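Take a look at the letters that make up each chain.
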Amino acid sequence: MKKIISKTIVAGVAVLALSACNQEKFHIKGNISEAKDSMLYFENLSLDGPVAIDSVKLGEDGSFDFSEARPEAPEFYRLRIANQYISLSVDSTETITVKAQYPTMSTGYTVEGSENCSTIKELSLKNIALYNNVLAIQQNAQMGMEATNDSISKVIEAYKEDIKQNYIFKAPMKSSSYFALFQTLGNMLIFNPRENKDDIKAFAAVATSWDTFYPNALRKENLHNIALEGMKNIRIVESKKNLQIDLNKVNTTGILDIELINNRGQMTKLSDLKGKVVMLDFHIFATKESTARIMKLREIYNKYHDRGFEIYQVSLDPDEHFWKQQTDALPWISVRDPQGLQSQVLQTFNVQDIPTFFLLGRDVLLHKRDAQIKDLDAEIQSLL
């Protein structure tokens, strides 16, 4: 607004400024029934995490009305009661009306006044359906570990393709497309540009579009930084793809050895397991598939351990305390490489994807890696 200095119209300027201020606010209103005396929080989903803006104790009819200054670029908010929440986006002086019933407000709400918020609802429901689908696969006791992991991977890839083609690439300038990039499954990003070349393209598409529509937005800069970091990581990974097992690491007996400290504080060598059939497993516990995978490994371990089968599991988790908590009750050998993803052991064994495993015979020599195994039970039994 152009500054007016004349003293004769100072009062008029004050009135205009107040009017402009009112015009530059957005409103989130509505009601959440069956939630009397509950605290409803209105939160900004900032780049640093949720920040409480306002709150209200709901009355009999569950009505609420929040208003805030209009953001300069699309911004994200949520309405929350306890662990139930509704995600919203705002990019104008719009009035958004939300109606829901507690405690099913996360899935059963209606939203009016914003096309982006309606699309975000679609995406949220799709995300919940994905989670339930993955959970059902994990809980299917009839499926083996490989079949489970394969099914989950296919379901996630199909979901990503749907979101990319029908939302992100279709309208990359929309706040709903930005929202889609950061959906999670458990505590892991579904789109992971730090590890997946195709996911980088999705981030780059939204970042490029926001360059045009919202050139000064902090979120646009964040998208570019994530995409650039991802491209750097992908180049590092691809540079290692042609690495073969380092023959200099093979000792005179032909064994590729590992010597790391286990979760009881003891130095443990892979070669000490000579005489057993060993699964050499590389794992990260802080991943979405960890729990299901550990359950499958327990089944295999319980089935064959008494016959001379052992698991030597190498964790690449950065948090040592977290790793110790996760492995405290595991019956097999759990060691951790403090170098994490920069581990020389990964280079020695030419590990390109995690999780992964190798089967070793009783001579502690490599037999096969997971990609070469069609029937894990049959392979283990042939070595026992």
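Please refer to the structure placed before this passage.
Scope of this entry: the structure provided in the associated data block.

Rules of the game
Residues numbered from 1 in each chain as written. Predicted model: local features only at pLDDT ≥ 70, side-chain atom pairs only at ≥ 80, totals over all residues. Heavy atoms only, no water. Pairing = 2+ DSSP bridges. Helix = DSSP H or I, 4+ residues; strand = E, 2+ residues; numbered from the N terminus. Axes fitted to C-alpha atoms, helices over the stretch in contact; angles between N-to-C directions. Contact = heavy atoms within 4.5 Å.

The next subject is the sheet that holds strand β4 (residues 63–69). Reading across the sheet, the four strands line up as β4-β1-β7-β8 and stay open at both edges, with mixed pairing between neighbours. The outermost strands of the open sheet, each flanked by one partner alone, are β4 and β8 (110–112). On average, each strand axis in the sheet is tilted by 15 degrees relative to the strand beside it, whichever way the strands run. Bridging between strand β1 (residues 25–33) and β4 involves seven bridges; their strand directions are antiparallel. The partner of G30 across the bridge, within β4, is F64.

Here we come to the pairing of strand β3 (residues 49–57). Here eight bridges tie strand β2 (residues 39–46) to β3, and the two strands are oriented antiparallel to one another. Counterpart to F42 in the pairing with β3 is D54. As consecutive antiparallel partners, β2 and β3 are separated by two residues.

Below, the discussion takes up the sheet that holds strand β6 (residues 84–90). The strand order across the open sheet built from four strands is β3-β2-β5-β6, with neighbouring strands paired in antiparallel fashion. Edge positions in the sheet fall to β3 and β6, since each has one partner strand and no second. Pairwise comparison of adjacent strand axes, ignoring direction, gives a mean angle of 25 degrees for this sheet. Taken together, the seven bridges between strand β5 (residues 75–81) and β6 define a ladder with antiparallel strand orientation. Bridging from a neighbouring strand, F76 pairs with S89 of β6. Its contacts with the sheet place helix α3 (residues 115–138) against β5 and β6, and it is angled at close to 140 degrees to β6.

In short, shape yes, function no, at least from these values alone.
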